[in-house]
Each structure stands twice: as C-alpha cells, then as structure tokens.
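Chain residues, written in single-letter form:
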Amino acid sequence: MSNETEANHDIQVFVRQLSEAADKLLKDDLSTLAKMHGWCEQLSEATNPQASQPSPTMHAIAASLAQNLEALILGDAQDLDQTVADVVTMIAELADPASTSPSAQSASTTESVDQSDAEVAARLADVFDEEPRPVAEASGSDGATTPVEAATSVPPYESQPLVIGEKEAEFVAGFVEEAREHIEAIEVAVLDVEKSSDGSAKIDDLFRPFHTIKGMAGFLNLRDVNCLAHEVETLLDQGRKGQRQITSDLIDLIFETVDILKVQIESIAGYLTNPEGNTVPQPPVGRFIDKLRAVAAGRSVCGVGLSDGSPDPEAPPAETADAPTAEASTAGAPVAGAELTADDQSRDRKGASPTQPQVAQQTSEASSGASLGTAPASGPAATGSRPAASDQSVRIETAKLDALVDMVGELVIAQTLVEANSKIAEDPKLSKDSGQVAKIVRDVQEVAMAMRMVPIGPTFQRMARLVRDVSRKADKKVELIISGEDTELDKNVTQQIGDPLVHMVRNAVDHGIELPQDRIAAGKSEVGHVHLSAAHQGGNIVIQIQDDGKGLDPEKLIAKGIEKGIVQPGEELTDEQAYSLIFAPGFSTAAQVTDISGRGVGMDVVKRNIEQLRGRTEIASGKGRGSTFSICLPLTLAIIDGMVVRVGGERFIFPTITIEQALRPRPEQITTVQQKGEVVKVRGRLIPLIQLGELFGLSDHIDPCQAMVVIAHNDGRQIGVVVEELLGQQQVVIKTLGERFESLRGVSGAAILGDGRVGLILEMSGITAAFNERHLSSKVTPTRSRMKPPPRANQDREEETSVAPTSPPVTDERLTPVMTC
Amino acid sequence: METVAEITEQETRAETTRDIGGKYLTFHLNNEEYGLEILKVREIIGIMDITKVPQTPEFVEGVINLRGKVIPVIDLRARFGLERTEYNEETCIIVVDVGMLMGIIVDTVQEVHDIPDSNIEPPPQLGAVVDMNFILGMGKVNDDVKILLDIDKVLNSDELVQLQHAAGE
C-alpha cells in the first residue's frame, strides 16, 4: 500500500528532522520552532490510532511536543529554558524507538485501511504537502509560472472544489469569525512591520495569525485558504530569518493576500448563510499562489511579479469584494457558540487527536490578545491542559445586553423609589440594608454599562490601512498617529462610527494633506501627519482627526457654497459656518474628482451618521496649518447626559451635548423685534429666544430676565430656549415614545426621571423648525402677556400650579394636585 | 311594519358581525356604563403622574412610566367629548393592548361580566349626534345595559400628534 509506505517514510523523516533540529535548538529561534511544531503535528497525525501507522506512544509524545513547542512560540511557557530542555528530552525519546518500532507496529495493525484512513492520508498529502520540507527545498520544487525557471516538477496550483458538509458548517462558521479577527490583527501587524526599522520582531506578530489561519483552514480542509496562508507564511519566515528584505513591495503583496483572504473568508461566510449548490464559490487564487511561491523561491521580485498585469491577484477582490462583504455582517450571527465546541469538534473529526486544533485555538487566543496589546494568557501550556484563556470572553447577543441595560435602568429607578420611602428612615436596620442594596444596584449598573464598552483601538487601526492605501494612491507621504486607542465606548457606537471615520480620514489625506513638493514649498516637512485621537471629556468621547495639511479656506468654501446655491450671495458667514458648509449635501471642494474622494457624497452622510449617534462635529482650521475635525459622541446610546429643566409645570431634558451655556439674562441683553420676537445678546452675538412654554402650549410668555435661558446649538446656529428653572443634570435612560408619537417635533424621546415620572427629551432641530414655522404663520403675538408677572419663576417647585392652555382651565386646576403628587 | 324592518336589520347585522360574546370589563364614565373586551386589557392601575406631551390633541393626557415602558394615556371622557372631572381615588387607568400598550382613563372600574352573544344587541341608531363607530354593541346584564366599546377604533382612529400649534390661542 503506497499510503502506508509513504506514511512510514514520513514518520522517519519527521523524527530525523526533529532530532536534527533539537540538537541546535534555541528558545528564541522561532522559525525552527515553528517548523518543528509542524512536524510534530504531522507526526501525531500520522501515528494516531486511525492512521495507517498507529503508534500510541509516538502519538502521545508528538502531541505533547507540539503543545510545548506552541507554548515556546507564543512565549506562553512559564519557564522557557525548562520547556526547551523538555522538548529536547522528548525528541530523544521519540528518536529512540522510532528507529525500530514503527514498521514493527505497522505490521500488526495496518491490514485494514478503511475509508477514514485513506481520507486522513489524502488530506495529509494534500494539505501539508510542502510543509515539512525545508524552505529551500520546497521553493525549488514548484513555481511553474515563472518564465525564468521553466524546469519544474510541481504543476501550478489548482484549486479544488470546496465542499462544506452540514456537520462541518458550524465549525467553519467559527473559523470564519476567528479568521476575521486574525485578518484584522494581520492588517495592524503589517503596518507595524512596515514602520519598524527592524521588523523581525514584529514579523512574529504577523506570522502567528497567518499560522493560525493556516492551521485552522488546513484542519477544516479549506485548501485554498490554507495554501494561501502557507505561502505567505513562507515569505514571512524568510523575512524573519533575514533572508528577505521587508520592502514595501512585500508589504503590498501581503496586503493583497489579506484582501484575497478576506474575499475567501467572506465567500465562505456567504455560502454558510445561504448555501447554494454543492460547492462553495471560491475566488480563483491559483495564479496568485503560484506568484507567491515564485517570489518565495526568489525567482521573481515581488514588485515585478505583481505589477506585470497578471489578472489573478487583482481579479478576486475586484469581482467578489462587494457581495460577500455585504453578507459578512449577517454571517456573524450563527457563529455564536462555535468556539465553545471547538474541542468536541476536533475529537469528532480527528478521532483521538485533539492536539492540533487545540493548539490552533490557543494560538488564536494568544495572538488576538497580543494584537490588543494585552498580555497573552500565561496558562500552564507546558503541562498540556487547556490554558485559562478560553474562559476570558463569552460572546453575547447584543439584544440580551440591551435588555439587561434596560432592566438595570428600571432597577435603579425602583431602588430610588424604595429609598425615598419615609419608613426607611425610621428603621435603622432597614436603612442600613437599603443602603447596601443601593450600593449593589449602582455597582450592577456600572457593570452592565461596562459590558457594552469596547476600546476604540481596533476601529482606529482599520484607518491605518486606509491611510496607507489612500496616500499611496494620491502620491502623498502621510503618517498616521494614533492616540487614545484604549478609550472605551459603547459597542454600537464603535460599530457605527467606523464609516464616518473612514470618510473623514480619507478626506484628511486626500484633501487635507498636500503633495510632498507642495509641502516642501510651504516650508513643511515632506511627510504629512494625520493624528487620530480619542479621549473622554465629561460623559462623552471626543474623537479628533487632525491633519497638518493645507487647512480649509472659508472664502473658497463660501464661493463654492454660492456656486452650489447653498449660500446666498452677500450672506455673512462666520468661519465656523463656512466650515460646516462641507457637510452640506453635494458639496465638494476638491477641484478634481479623484477615485478616492471628491464627489461630495460623504460628508453630509458623515454628519447624518454622527447625528444619529447623538454626536456632533466641530471643525477648527487654519489656512496652511491644517484642520481638526472633532466628533463628540455619547459613550453609549442607551443613556444620555441631560439637563433637566422645568417649563410650564413639566420637566424636559436637554441633551447636555447640545447645551453651550445657561444664563439668566439682564434686561439690557434682551431686545424685542417688532414686539414679536426676542433676541438675547451673549458675548456680542445675537441669539433668537424661543419660548418653549408657549411653543408647546404649556405656559404663557415668560420674561427671560426672570427665568433661565439655555443657549443650545443646532446646525452651527445658536438658539436661546427660555425655561423656568434648571433642575439639575442627570443621566437618563432613553425610551422611545413609540410610533404614535413619531411625528412630534422638538421631542426625540422620553426618559424616566429619578422619581419614576416621565420627562421628555428635547430635540433642537425640531424645536427650531417648529419655532420658525410658528413665527412665520402666527399673527402678531399678543404682547399682553409681557405685562404679566413672570409666572412661577421664583416659586417653589411643589407649589407649581401650572395651567396648560390646551386643557379646559376648570378641570386643570383641580387636576394639578393629583398630577404632582 | 317598523318593528319588522328593525328585526330584519338586526338579523342581517348579526349575520355579518362576529360573535362578540365573552368577558367584558365594565367601567363607569360620566354615569354611563361601558364594557371593554377583557382580552384587550393588560392591567388596571390607579391614576398616577402623567407627563404632558406637546402637540397632541386634548384627549391625549400624556405619557406614563409603566415599569420602564413609556406609554400614552388617553382621557376617555375627553375622547368622547364629555366634561372632564377631577381625578380621584377611584379614577383608574386601564392599560389596553391595541397593538401597542395604551392607557385609558376612566371614572371607576367595576367588574368583569360574561355577556353571551345573545345578550348583545347592535348599536342603536341615534342619529348623527352619537358616533356609533366606537361601539361594538349594547350588552344586557340583568337589567343594566353596558355600552361595549371597540377599543381599537377608539384608540386608533386618530393620530396622536396634532401638528398645528396649540399656542397663539
């Protein structure tokens, strides 16, 4: 049986290679360790009880070796030197019986090579074909594509139809999810490698995720993915050993691989969500893999090899990029739980050989940990037990989290109501206990809130790739500086801020930063800088995109605005107002439309997206000095910081983010216009006053000098809202009013206040719109109310006896005591 | 002649309408007795703090916090154009499910009656003065007559937001 002889031969080869390597093993020689790890995996595979050459002893030793090596590679082992010594001993053990026993053992047990044996052997030959051989050997044996060396023994890579069985689908889904994370880690690591002068240390960060993807893909029989990852790994290995210069061409090549990997992963994900046909659609990667092999073999300089217009490296991302990514988001859902079962999965599929997938999982966890800047779990990997890392996170449906946050909000309110009960004060024990409950409730609330919080780092890091791509396309030299990546915010916000950020960063590079020659001419350094930062500010997070480019030119913007009909000729705009023109739909300042940006779609969408997140944008700019775009976002979408105010006996909530200041104006600050409108002069600016009580039909005109004016902003314009009293600042949980109230203007939702009553959340643009309309439509506003003493402004809240003009006065007076109790 | 015509009309009605017999929650409103299909009723709560909502018709009393859910509350007297009265201990909010939860304010809640279909008569023809659309039928319980409300129509026939501004008097 050829399989058997081959396997037997392989076992001997592995053992010999292992002992050779063990002789000169150093704990930080990662490439050798990685190779040894590969051999061990295969050795354990080849000797498992179902294989053609079963050998329980060797199988166990090989499995344990593989784990030790993995620990060494990942820097996981508690005592590196000891582990190295262990490894050497184990290899010696392996080598001893290996010279005699395999053939003896095989003689007795291998009469029956059933279907699964053949399958395993075939997979071995198929998937791990080139791996155990030294790189030089492997690269010498393939690469038919290069014209230079036509004499080759290995034919060009050919994809095989990929079939995912029903049983495997779940595991593949798990793989897809993990692979996405690894790809993200890879993109970050690639840029790190490119940036660092001595990339060899960083290459390991790059190597690991590729290695994990390769391992998992090999295990799941995703051959194309496996081979692609393998070839890149080979290249990286050469780079790590100093055999290959890390050039930007190589980086490009890796990025291209990543793009193709993404397409592969997403097409698999697409197939999983919507399985059609027997085989999974795969992008054609054959020629790209051949290219990689050629590059690895040194027969093709990667720059030349890729720029010669060969269609394959370009084609796959282009043809499939749109559809699969759209599906990508939906594909995530069924994945949950796959991680937990990965272990069982390995046993199911590989009989008694759980080692390899376990190792793969460890790698994935450790490397994703590393990419987030946290220390990898230092589990007792050397002993062979699973590291504790697997317990460190659980995937939860966001809907469940949302429900929890809602319930906790209610709990807090209910608890506050209980605490307010006068009986508590009478009973010291009860008072103490209720205090304890209060503390716990607050803690629970904090934890519930924190559960939704994730650092913004990964979102930022996606921009690094973007900056690189855009700047290269635009022939600019741009360096991206990231700070504050540990800043945490709501997961929903991080998800939704991604697209606006992409637009703004792209704009900063494409429009903001000048060409190198222009920069030099302007006396700046050739390399432009884009600084992406995040920081907490009050209850908000402020994300800034700062560039040191040419800045915004208000005059140009206004001219353009006039041209587009957005600005009336002669209209006076402040610089800020001029800047905010770029958020107008269809507005673009780039003289030329490039394929990167400049079509004027984008910034208005950016603004809308940010507003949907209840955030706001601010622009600061200096001509020639660059621009700073600040996005101020709430930490979470479920809660806002609000200023509770009283108007006409009702409480309303201003989102704090809209408030600039609150003041009690002096009479000389107030000017009436035709007895119809009022303006207040604040620091030289005239701000229209809106009588909220009148607008909402809750009260008569209030003398602003006897009340408070909240200066809020809306679309860069300020409005002054007259309220009776500020009741204080409070975080409130946002509740929807439901569809029956959807068309309400000026009210965006409701919140349950501390006493359990509902307060309405104000919305500035609606208020402004309602106010303007009313102003246009109303006849002369009766001025008689101005004569009246200001109602209630100085009264105690409890004595509140407001009369809503909408209701018949008779009932209302009687009604009020009930309502305020 | 007249009676015959009435009877035939009743018969045709009965044929076309569904079986509306069942359990009804009865309540008082302005000394009249009304009934509400019990299946629509979620809970009954005492009158509580109600937050006014601007730009709404007069019968929309406002919104309340029903254990974390914000739901609109309708004053049924106002809805039917009756004179409002002071809310007191007996005043109740009946929370009904009409696709969404809504509260209706009634004078007093009475009890649940099982009214068989045979005891329910179609709404009387009282001319244009009374809006019969809201009425499922007239239920006879012993000697009393309960006005059975089609609560979906009561609560859904109108948009809750009035866009014209109430201010300016």
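Owing to the predicted nature of the structure, the values given are computational and were not obtained by experimental measurement.

S.K.: Can you help me understand the overall build of chain B in this one?
M.R.: Looking only at helices and strands, chain B features 3 helices and 11 strands. Counted from the first residue to the last, chain B has its helices and strands arranged as α-β-β-β-β-β-α-β-β-β-β-β-β-α. When burial is assessed residue by residue, chain B has 49% of its 169 residues classed as buried. Of all intrachain contacts in chain B linking residues separated by at least 6 positions in sequence, the fraction that spans at least 24 positions is 57%. Entry remark: accessible area of chain B is about 8,600 Å², with carbon and sulfur atoms responsible for 47%.

S.K.: Please clarify how the pattern of salt bridges should be interpreted in this entry.
M.R.: Two side chains that carry opposite charge are able to pair once their charged atoms sit near each other. Residue and element names in this part refer to chain B. Tallying each qualifying case throughout the model produces 32 salt bridges over all chains. A salt bridge links Glu33 to Lys146; its shortest N-O distance comes to 2.2 Å. Here Glu33, found in strand β2 (residues 32-37), pairs with Lys146, found in strand β11 (residues 144-149); they are 113 residues apart in sequence, far enough to count as distant. According to the relative accessible area criterion, Glu33 is buried, its value standing at 17%. Using a relative accessible area of 3% as the deciding quantity, one classes Lys146 as buried.

S.K.: Please explain a nonpolar patch on the surface as it appears in this structure.
M.R.: On the surface, a nonpolar cluster with roughly 450 Å² of combined accessible area is contributed by A:Val394, A:Ile396, A:Leu404, A:Val447 and A:Met451. Topologically, A:Leu404 is positioned in helix α18 (residues 398-420).

S.K.: Just checking my understanding: could you explain the sheet that holds strand β4 (residues 528-537) of chain A for this structure?
M.R.: Across a sheet, strands are paired by hydrogen bonds formed along the backbone, either parallel or antiparallel in direction. All names here are of chain A. In spatial order, the strands read β2-β4-β5-β7-β6; together these 5 strands make up an open sheet with mixed pairing. Every other strand in the sheet has two partners, leaving β2 (478-483) and β6 (616-622) as the edge strands with one partner each. On average, each strand axis in the sheet is inclined to that of its neighbour by 15°, with strand direction left out of account. Where β4 and strand β5 (residues 540-547) come together, 8 bridges link them in antiparallel fashion. If you follow Gln537 over to β5, its bridge partner there is Asn540. Contacting β2, β4, β5, β6 and β7 (626-634), helix α22 (residues 491-512) runs over the sheet at an angle of about 20° to β5.

S.K.: What exactly am I supposed to notice about the packing of helix α11 (residues 248-273) of chain A against helix α21 (residues 457-473) of chain A here?
M.R.: Helix-helix packing: each pair is described by the crossing angle between the helix axes and the interaxial distance. Residues and elements named next belong to chain A. Axis separation between α11 and α21 bottoms out at 13 Å; the angle between their running directions is 120°. On the basis of the axis angle, α11 is oblique to α21. Here α11 and α21 pass one another in a crossing that is left-handed. For the pair α11 and α21, the contacting residues are Ser248, Ile251, Asp252, Phe255, Asp259 and Lys262 in the first and Arg465, Arg468 and Arg472 in the second. For the contact of α11 with α21, the class distribution of residues is 2 nonpolar, 1 polar and 6 charged.

S.K.: Explain α21(A) to me, please; I cannot follow it from the model alone.
M.R.: Note that an α-helix has 3.6 residues per turn; residues three or four places apart therefore point the same way. Residues and elements named next belong to chain A. Relative to the 24 Å expected for 17 residues at 1.5 Å per residue, α21 spans 25 Å between its end C-alpha atoms, a close match to the ideal helical length. Among all positions of α21, only Gly457, Thr459, Phe460, Met463, Ala464, Arg465, Leu466, Val467, Arg468, Val470 and Ser471 are buried. Positive phi shows up at Asp475, right after α21, with a value of about 60°.

S.K.: I would appreciate a short explanation of the confidence of the model for chain A in the present structure.
M.R.: As a note on interpretation, predicted positions should not be read in detail where pLDDT is low. All names here are of chain A. When pLDDT is averaged across chain A, the result is 70; 67% of the residues are at 70 or more. Note on residues 302-390: pLDDT is under 50 here. Beyond four places in sequence and across chains, it has 137 contacts. In the predicted structure, residues 778-821 sits below a pLDDT of 50 and forms 73 contacts with residues beyond four places in sequence or in another chain.

S.K.: Before we go on, may I ask you to explain the sheet that holds strand β10 (residues 135-141) of chain B in this structure?
M.R.: All names here are of chain B. Reading across the sheet, the 6 strands line up as β8-β1-β2-β11-β10-β9 and stay open at both edges, with mixed pairing between neighbours. The two strands at the open ends of the sheet, each matched to only one other strand, are β8 (108-115) and β9 (120-121). When strand β1 (residues 22-29) meets β8, the two strands line up antiparallel, connected through 6 bridges. From the neighbouring strand, Tyr24 faces β8, where its bridge partner is His113.

S.K.: Quick question: what am I supposed to make of the packing of aromatic side chains here?
M.R.: Each aromatic ring pair is specified by the distance between its two centres and by the angle formed by the two planes. One pass over the structure, following the stated rule, counts 4 aromatic pairs over all chains. A centroid spacing of 5.5 Å and a plane angle of 45° characterise the contact between A:Phe652 and A:Phe696, whose relative ring orientation is tilted. With A:Phe652 in strand β9 (residues 650-655) and A:Phe696 in the loop between α27 (692-695) and β14 (708-714), this pair connects stretches of sequence that are 44 residues apart. One aromatic cluster in this structure is built from B:Phe27, B:Tyr34, B:Phe80 and B:Phe134.

S.K.: Please explain the nonpolar core as it appears in this structure.
M.R.: Burial of nonpolar side chains together is a common tendency in soluble globular proteins. Membership of the largest hydrophobic core comes to 119 residues, with the highest contact counts inside it found for A:Phe175, A:Phe210, A:Ile543, A:Ile545 and A:Leu633. In terms of residue count, α11(A) provides more of this core than any other element does, 12 residues in total. Filtering out sequence-adjacent residues up to four positions away, A:Phe175 remains in contact with A:Ile213, A:Met216, A:Ala217, A:Leu220, A:Leu222, A:Val225 and A:Ile265. Counting 62 residues, the second largest nonpolar core, distinct from the first, contains A:Met643, A:Ile690, A:Ile767 and B:Ile74.

Conventions we followed
Residues numbered from 1 in each chain as written. Chains lettered and ligands numbered in written order. Predicted model: local features only at pLDDT ≥ 70, side-chain atom pairs only at ≥ 80, totals over all residues. Heavy atoms only, no water. Helix = DSSP H or I, 4+ residues; strand = E, 2+ residues; numbered from the N terminus. Buried < 20%, exposed > 50% of the residue type's maximum accessible area, 1.4 Å probe, protein only. Contact = heavy atoms within 4.5 Å. Areas by Shrake-Rupley, 256 points an atom, 1.4 Å probe, with all protein chains shown as cover. Salt bridge = Lys/Arg side-chain N within 4 Å of Asp/Glu carboxyl O. Patch = residues over 30% accessible without salt bridge, like charges linked within 9 Å, V, L, I, M, F, W, Y side chains within 5 Å. Pairing = 2+ DSSP bridges. Axes fitted to C-alpha atoms, helices over the stretch in contact; angles between N-to-C directions. Parallel < 35°, antiparallel > 145°, perpendicular 65-115°, else oblique. Left-handed = near helix turned anticlockwise from the far one by under 90°. Nonpolar A, V, L, I, M, F, W, Y, C, P; charged D, E, K, R; others polar. Expected span 1.5 Å × (residues − 1). pLDDT = per-residue confidence, 0-100. Phe/Tyr/Trp six-rings, centres within 6.5 Å; stacked < 30°, edge-to-face > 60°. Core = buried A, V, L, I, M, F, W, Y, C linked by side-chain atoms within 4.5 Å.

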